[in-house]
Amino acid sequence: MKYAFSNEQMRRADAAAIAAGTPASELMERAGKALAKAVSDAMERKGLSDAIFVCGGGNNGGDGFVAARILLDAGEDVCVLCLADRFSAECERARKAYYGDVLREIPRRRYGVVVDCLFGTGLSRPIEGENRALVDFINSGVHVIACDLPSGLGECGIAPEVCVRADETVAMGQMKLALLLSDGADVAGRVSVAEIGISSEDAGAEVWEAADVRNFFPKRRSNSHKGNYGAACLLAGGAYSGAAFLAAGACLKAGCGYTKLCVSSQLFPYAVGKFPAVILKEFKSIDGDILGANCIAAGMGSGVSEQLYVHIAELLGMYTGTLVLDADALNTIAAYGTEVLEKKTCRVILTPHPKEFARLVGKSVGEVLADAVHEAKAFAARCGVTVVLKNNRSVITDGNRIAVNPTGSPALAKGGSGDVLSGLLAGTCARGVRPFEAACVASWLLGRAGEIAAERLGEYSADPTDVTACIPEAIRSL
């Protein structure tokens with residue numbers, strides 16, 4: 001498992017490393033060496049003959065001056081562009097040690113590799129004036145490498161209009177959360193982490209890998225039966241039929257022993273024979289058969305109604321398993337009151353996309369995404385639930401632990417993908433996996449299945465049924 005850290009956590013880690021006896025100059029030398037190697041590798045890989053480092057006056061600029069000096073020592077054709085007139089102590093030291101050309105005006109020529117050492121994590125304001133011109137120049141490079149973080153990229157991965165768009169980013173010390181969230185996945189390019197001797201004592205966000213997910217798919221015993229793998233019950237459909245079927249199809253692929261689908265009387269005739277392996281039931285009320293499931297998922301395609309709110313309240317007050325609330329269950333809670341979550345007898349997982357989450361917390365989507373990790377964690381802690389805040393890189397939290405899912409594809413940006421996740425999540429929880437871990441497992445598998453579907457059919461054409469069909473390959477690859 002890997003971990004990702006906020007900018008503030010990394011600043012504390014830097015300070016701790018220095019306090020423990022590693023000079024700041026030594027950390028900068030290590031960072032510069034790692035950056036120099038990335039530039040050298042890119043020049044060789046891309047067949048490019050020159051590089052220019054665009055340096056600011058802070059320590060990110062200092063990393064660039066060190067890297068440029070190292071490459072000059074190696075005989076490479078490099079120079080520095082720096083318009084700053086004030087420098088941090090370490091940047092000043094690195095600047096004086098650099099003996100090559102320093103340009104004080106933006107050149108007209110186009111360079112092969114342009115290295116962004118302008119701001120890194122040290123920016124807390126919009127980029128304007130001459131710095132905006134520098135960002136435009138950086139983005140003109142044949143191959144753009146960002147040092148630590150593309151300049152302009154916000155703490156939670158929001159990229160403003162003026163932002164470096166890198167082909168690759170070298171994160172110094174540890175992975176930064178901003179490189180994973182929202183726009184970060186687009187503007188950072190290929191991300192590598194340079195080990196420079198910095199470790200954080202703060203709890204970072206977990207970034208699950210295939211090896212972590214594999215632990216939740218142990219080899220099955222030959223002497224086992226369907227009762228060993230739990231039962232999932234889906235309360236879905238009513239307003240929309242497709243959501244119920246997508247969730248059921250995905251749940252069948254998750255490995256639980258029983259998949260039950262409870263639908264409205266209007267939808268029931270259309271569901272007959274749709275999935276022979278699913279136990280189909282006409283939903284009339286919350287009964288013992290439903291409550292006997294190891295996991296219940298509700299809300300997919302149900303429509304917003306006061307009656308659904310009553311059923312949710314009944315489940316929260318009577319059920320003792322794991323309850324997954326998605327889609328219209330979330331919109332219904334937002335409409336009729338989140339206080340229903342306060343008194344519950346079961347474990348609860350909420351799977352909102354940003355707009356659904358915004359309704360739950362009474363904020364705008366922009367406010368949610370501007371601090372997605374904090375918003376999700378605070379709500380999860382306050383309500384005692386696990387939240388999967390779905391996005392291109394979903395944030396998963398139980399109010400204590402935090403994870404950012406690293407898998408996914410734009411192919412998943414289609415209606416119905418969330419229903420597939422709900423089915424996967426229900427089937428995973430039914431097997432006895434705890435809510436936070438189940439959310440990480442299901443999110444990883446959905447993302448990986450989306451990647452496989454996109455590889456086969458393209459990001460435009462792959463739809464949620466194609467993603468469901470790729471779930472077995474995603475699991476088998478483990």
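An account of the accompanying structure is given in this report.

1. Considerations on the packing of helix H2 (residues 24-46) against helix H3 (residues 59-73)
Line of reasoning, step 1. Contact pair H2 / H3: the axes reach a minimum separation of 7 Å and the direction vectors enclose 60 degrees. Judged on the interaxial angle alone, H3 and H2 are oblique. Crossing of H2 against H3: the hand is right-handed. Seen from H2, the contacting residues are Met-28, Glu-29, Ala-31, Gly-32, Lys-33, Leu-35, Ala-36, Val-39 and Ser-40; seen from H3, they are Asn-59, Gly-62, Asp-63, Gly-64, Val-66, Ala-67, Arg-69, Ile-70 and Leu-71.
Line of reasoning, step 2. Its residues assigned to classes, the contact of H2 with H3 shows nine nonpolar, five polar and four charged.

2. Remarks on the environment of Ser-264
Line of reasoning, step 1. Inspection of the secondary structure assignment puts Ser-264 in the loop between strand E12 (258-263) and helix H9 (268-271).
Line of reasoning, step 2. With near-sequence residues (within four places) excluded, Ser-264 lies in contact with Gly-238 and Glu-282.

3. Here's the deal with the sheet that holds strand E9 (residues 190-194)
Line of reasoning, step 1. Strand order in this open sheet of seven strands is E4-E3-E2-E5-E6-E7-E9, and the pairing throughout is parallel. Each having just a single partner strand, strand E4 (102-103) and E9 make up the two edges of the open sheet.
Line of reasoning, step 2. Inspection of the sheet shows strand E2 (residues 50-55) paired to strand E5 (residues 113-117) by five bridges, in the parallel sense. Residue pairing for E5: Ile-52 is matched across the bridge by Val-114.
Line of reasoning, step 3. Packing of H3 onto the sheet brings it into contact with E2, strand E3 (77-81), E4, E5, strand E6 (143-147) and strand E7 (168-172), and relative to E2 it is tilted by some 155 degrees.
Line of reasoning, step 4. Set on the sheet, helix H5 (residues 129-139) makes contact with E2, E3, E5 and E6; between it and E2 the angle comes to about 155 degrees.

4. Some points on unusual backbone geometry
Line of reasoning, step 1. With a phi close to 75 degrees, Asp-148 is a non-glycine residue in the positive phi region.
Line of reasoning, step 2. Along the polypeptide, Asp-148 turns up in the loop between E6 and E7.
Line of reasoning, step 3. With a phi close to 50 degrees, Ala-327 is a non-glycine residue in the positive phi region.

5. Brief notes about H2
The α-helix advances 3.6 residues per turn, and as a result positions three or four apart in sequence lie on the same side.
Line of reasoning, step 1. With 23 residues, H2 extends 33 Å between its outermost C-alpha atoms, agreeing within 8% with the 33 Å of an ideal straight helix rising 1.5 Å per residue.
Line of reasoning, step 2. Along H2, the residues classified as buried are Leu-27, Met-28, Ala-31, Gly-32, Leu-35, Ala-36, Ala-38, Val-39, Ala-42 and Met-43.
Line of reasoning, step 3. Looking one or two residues past H2, Gly-47 carries a phi angle of roughly 70 degrees, positive in sign.

6. Observations concerning the pairing of strand E17 (residues 386-389)
Line of reasoning, step 1. A two-sided burial pattern is seen for E17, the buried positions comprising Thr-386 and Val-388 on one face and Val-387 and Leu-389 on the other.
Line of reasoning, step 2. With three bridges joining them, E17 and strand E18 (residues 395-397) adopt antiparallel strand pairing. Bridge pairing in E18 places Val-388 opposite Ile-396.
Line of reasoning, step 3. Hairpin connection, E17 to E18: the antiparallel pair is bridged by five residues.

7. Points about empty space enclosed by the protein
Line of reasoning, step 1. For the structure on display, the rule yields one cavity of 30 Å³ or more.
Line of reasoning, step 2. Put simply, the largest cavity is a space of about 60 Å³.
Line of reasoning, step 3. Lining the largest cavity, in full, are Cys-156, Leu-181, Ser-182, Leu-369, Ala-372, Leu-389, Lys-390, Asn-391, Arg-393 and Val-395.
Line of reasoning, step 4. The class makeup of the residues in the lining of the largest cavity is six nonpolar, two polar and two charged.

8. Describing the environment of Ala-74
Line of reasoning, step 1. Residue position: Ala-74 is located in the loop between H3 and E3.
Line of reasoning, step 2. Counting along the chain gives 294 residues from Ala-74 to Val-368, while the straight-line C-alpha distance between them is 47 Å.

9. Quick word on the pattern of salt bridges
Line of reasoning, step 1. Tallied over the entire structure, the rule returns 27 salt bridges.
Line of reasoning, step 2. Between Glu-92 and Arg-95 there is a salt bridge, and its shortest N-O distance comes to 3.0 Å. In this pair, Glu-92 and Arg-95 are both assigned in helix H4 (residues 89-97), three residues apart and thus about one turn of the helix distant.
Line of reasoning, step 3. A relative accessible area of 32% places Arg-95 in the partly exposed class.
Line of reasoning, step 4. A salt bridge links Arg-448 to Glu-455; its shortest N-O distance comes to 3.8 Å.
Line of reasoning, step 5. Residue class for Arg-448 comes out partly exposed when judged on its relative accessible area of 22%.

What counts, and where the lines are drawn
Residues numbered from 1 in each chain as written. Predicted model: local features only at pLDDT ≥ 70, side-chain atom pairs only at ≥ 80, totals over all residues. Heavy atoms only, no water. Axes fitted to C-alpha atoms, helices over the stretch in contact; angles between N-to-C directions. Helix = DSSP H or I, 4+ residues; strand = E, 2+ residues; numbered from the N terminus. Parallel < 35°, antiparallel > 145°, perpendicular 65-115°, else oblique. Left-handed = near helix turned anticlockwise from the far one by under 90°. Contact = heavy atoms within 4.5 Å. Nonpolar A, V, L, I, M, F, W, Y, C, P; charged D, E, K, R; others polar. Pairing = 2+ DSSP bridges. Expected span 1.5 Å × (residues − 1). Buried < 20%, exposed > 50% of the residue type's maximum accessible area, 1.4 Å probe, protein only. 1 Å grid on protein atoms, 1.4 Å probe; cavity = no way out; pocket = protein on both sides within 12 Å on 5 of 7 lines; lining within 4 Å. Points joined across faces, edges and corners; volume = space filled by probe spheres on them. Salt bridge = Lys/Arg side-chain N within 4 Å of Asp/Glu carboxyl O.

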